[in-house]
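Here is how the chains run, residue by residue.
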Amino acid sequence: MNTFKVSVQETTNNAIVKFEVNQFITQHQSFEFNNIDEAKASPLAQQLFYLPFVKKVYISGNFIAVERYNIVEWNDVQDEVAEQIEAYLNDGGIVIEDTTTAKKVPVTVYAESTPNPSVMKFVANKKIVNALFEFTSIDEAKLSPLATELFHFPFVKSVFLDENYVSITKYDMAEWQDVTIEVREFIRSFIENGKEIVVANAAESLEKTNQQLDSHFESLDDTSKEIINILEEYVKPAVASDGGNIQFISYDADTKNVSVLLQGACSGCPSSTYTLKSGIENMLKEMLPGKVAMVEAING
């Protein structure tokens, strides 16, 4: 059984705090409760309303947002609330009764071209996964019902999932102009019907939970940590906008070589080698003088 972990996330409204869960607790549906009577369909929300400072509860995807009355400050109570939610979920508590009607939020998905002509990015208007996943075959995709279904399209070569989008790499047997509408509608319908995108323990199985990633990070040498921080801050946002990702693999202190993995639209992209050498390699050389000699993609 996958253990629930709850973390506290501040919002721009100081009266509202988000309690983010490490897995989805609703099937891409949203529920809003203004008082304990409205919350009859949610035993979790009802329990929260017993706290005298709780004004409103909003449950969606992988988080619970709680608005407070001004009788307390969140800094004084947020950790206790997070522990209470975590204990409730791990005890098998019900979040939403099956008969509850969700607050209907229409699902939209739009297609976006990428620098890689073989890859199309399909962007949803809601969060679909908590971690980053890449599947290069239907056998690898067992942890993702969505990816498994996508591999039933004969032209699908690989599937990359990030927070709110799916990047699909195709074989040359099909042209995007002929299949984009069909794929976009399939993904939109899949999400709207509340189907499971990835199984609950997918991130844990692939060692992609925040705790596992943090633990791995702490085990690295100082230069590797510096490289990861630079990639996270300066490189990943740009490649994510193109439907891809760059993942640090290793650093050799003797040769000063950095190995990375290109994923999604970055994998096999005609411009990726240029970006790697002229962009990322030069950036690391400049920001870490004397520590980096070369950056190479293990799948480049």
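You'll find the structure just up there.
Let me sum up the structure you'll find in this document. Keep in mind that this is a model prediction, so the values were computed, not measured. (Residues numbered from 1 in each chain as written. Predicted model: local features only at pLDDT ≥ 70, side-chain atom pairs only at ≥ 80, totals over all residues. Heavy atoms only, no water.)

1. Remarks on unusual backbone geometry
Note: most peptide bonds trans; most residues except glycine with negative phi. Even without a glycine there, the phi angle at lysine 256 is positive, about 65°. Within the secondary structure, lysine 256 sits in the loop between β11 (244–252) and β12 (257–264). A residue is classified by how much of its surface remains accessible, and lysine 256, at 33% relative accessible area, is partly exposed. (Helix = DSSP H or I, 4+ residues; strand = E, 2+ residues; numbered from the N terminus. Buried < 20%, exposed > 50% of the residue type's maximum accessible area, 1.4 Å probe, protein only.)

2. Details of the packing of aromatic side chains
Scanning the model with the defined rule gives ten aromatic pairs in all. Taking the centre distance of 6.2 Å and the plane angle of 35° together, the rings of tyrosine 58 and phenylalanine 63 count as tilted. Judged by its relative accessible area of 16%, phenylalanine 63 is buried. The side chain of lysine 121 reaches across the aromatic face of tyrosine 165, ending 4.5 Å from its centre. (Phe/Tyr/Trp six-rings, centres within 6.5 Å; stacked < 30°, edge-to-face > 60°. Lys NZ or Arg CZ within 6 Å of the ring centre and 35° of its normal.)

3. Concerning the nonpolar core
Judged by nonpolar contacts, the single largest core of 33 residues is most densely connected at Leu150, Leu161, Val166, Ile168, Ile187 and Ile197. Within the residue set of this core, elements represented by two or more residues are β7 (119–124), β8 (133–135), α3 (145–150), β9 (156–162), β10 (165–170) and α4 (176–192). By residue number, the principal contributor to this core is α4, which donates six residues. Apart from residues lying up to four places away in sequence, isoleucine 187 is in contact with Val109, Phe122, Leu150, Val166 and Ile168. In this structure, Ile25, Val57, Tyr88 and Leu89 belong to the second largest nonpolar core, which totals 29 residues. (Core = buried A, V, L, I, M, F, W, Y, C linked by side-chain atoms within 4.5 Å. Contact = heavy atoms within 4.5 Å.)

4. Here we look at the pattern of salt bridges
A side chain with one charge may pair with a side chain of the opposite charge, provided their charged atoms come close. Counted by the stated rule, this structure contains ten salt bridges. Here arginine 68 and glutamate 73 are joined by a salt bridge, their closest N and O atoms 3.5 Å apart. Judged by its relative accessible area of 45%, glutamate 73 is partly exposed. Taking the shortest distance from any N to any O, the salt bridge between lysine 236 and glutamate 232 comes out at 3.0 Å. Of the two residues, lysine 236 and glutamate 232 are both situated in helix α7 (residues 222–241); the distance of four residues between them amounts to about one turn of the helix. Judged by relative accessible area, which is 41%, glutamate 232 ranks as partly exposed. Beyond isolated ion pairs, a larger network of salt bridges with shared partners links Glu185, Arg188 and Glu192. (Salt bridge = Lys/Arg side-chain N within 4 Å of Asp/Glu carboxyl O.)

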